[in-house]
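Geometric and topological summary
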Amino acid sequence: MCGRFVMTHPPDALARIFDAQPDNDLPEGPNYNVCPTVQVHAVTNADGTRRLQSLRWGFVTFWAKALNDGPLLINARAETIVEKPTFRDAAKKRRCVIPASGFYEWTKDAEGNRLPWFIHPPDDAPLAFAGIWQVWDKGEAPVTTCAIVTCAANDTMGRIHHRMPVILDGKDVARWLGETDDPAAPLMRPAPEDSLGMYRVDPAVNSNRASGPGLIAPLDTA
């Protein structure tokens, strides 16, 4: 799964990298501890124009009576996304890209303590998570929500967790956004083995209230 990530790239850089028109209400950053239900950056193309938007992380179905009605849907499994009524329509019609500078995952030691890892790209380019989005309009104002698509982990990531986000190659962003006639389903696969680095970080990030660049500093485990 993907339950926490990092965003250090400024909006103007994201707009340039993804060739998208930025909205005016984008999340402030950097954010070294992006948690569910906060606003996140997302690239969409619903009207023929790529937009860099602010979406609420936590997919809310159109039939939900409240934002907190039902489970918190931060991830959608690639294996069942086109079958489940919750995600099926969005997977076909409302796909997005959620940029990230890296993400966290956890292992446990013999005593059951949660040990956080930071997983990151090998260079300064942001990761492009495959996502889906949905407008929930049962409240006072419409809220556009999103979820990150996950798949089985590759062998490298599998040493930490059995799932990972679907990470798109740059050349596949247009395809995922529906800008080409090519099917998107084949893109929902594990990232190449050499596409990510990872290292242990301080357990401070176990708290969703933690913040600051120290969260991604390598932990001295000697």
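A brief look at the structure comes next. (Residues numbered from 1 in each chain as written. Predicted model: local features only at pLDDT ≥ 70, side-chain atom pairs only at ≥ 80, totals over all residues. Heavy atoms only, no water.)

Once that is clear, we can look at the pattern of salt bridges. The final tally for this structure, using the stated rule, is eight salt bridges. For glutamate 79, the salt bridge is made with arginine 163, and the minimal N-O distance between the two is 2.8 Å. Of this pair, glutamate 79 sits in the loop between strand 6 (75-77) and helix 2 (88-93) while arginine 163 sits in strand 12 (residues 163-165), and the two are 84 residues apart along the sequence. As a salt-bridge pair, aspartate 89 and arginine 94 come within 3.1 Å of each other at their nearest N and O atoms. In this structure aspartate 89 comes out as partly exposed when scored by relative accessible area, which is 34%. Taken together, the salt bridges that share partners define one network made up of Asp89, Lys93 and Arg94. (Salt bridge = Lys/Arg side-chain N within 4 Å of Asp/Glu carboxyl O. Helix = DSSP H or I, 4+ residues; strand = E, 2+ residues; numbered from the N terminus. Buried < 20%, exposed > 50% of the residue type's maximum accessible area, 1.4 Å probe, protein only.)

This part takes up the side chain of threonine 156. Structurally, threonine 156 is set in helix 3 (residues 155-158). Within the structure, threonine 156 has its side chain in polar contact with the side chain of glutamate 193 (distance 2.7 Å). Those residues in contact with threonine 156 that lie beyond four places of it in its chain are Glu193 and Met198. (Polar contact = N/O pair within 3.5 Å; in protein donor to acceptor, adjacent residues only side chain to side chain. Contact = heavy atoms within 4.5 Å.)

With that settled, consider the layout of surface pockets. When its volume is computed, the largest pocket comes out at roughly 480 Å³. Taken together, 24 residues make up the lining of the largest pocket; nearest its centre are Ala128, Ile167, Leu168, Asp169 and Gly170. Per-class residue counts for the lining of the largest pocket are 16 nonpolar, two polar and six charged. What lines the second largest pocket is a set of 15 residues, and nearest its centre among them are Phe59, Asp69, Gly70, Pro71 and Leu73. (1 Å grid on protein atoms, 1.4 Å probe; cavity = no way out; pocket = protein on both sides within 12 Å on 5 of 7 lines; lining within 4 Å. Points joined across faces, edges and corners; volume = space filled by probe spheres on them. Nonpolar A, V, L, I, M, F, W, Y, C, P; charged D, E, K, R; others polar.)

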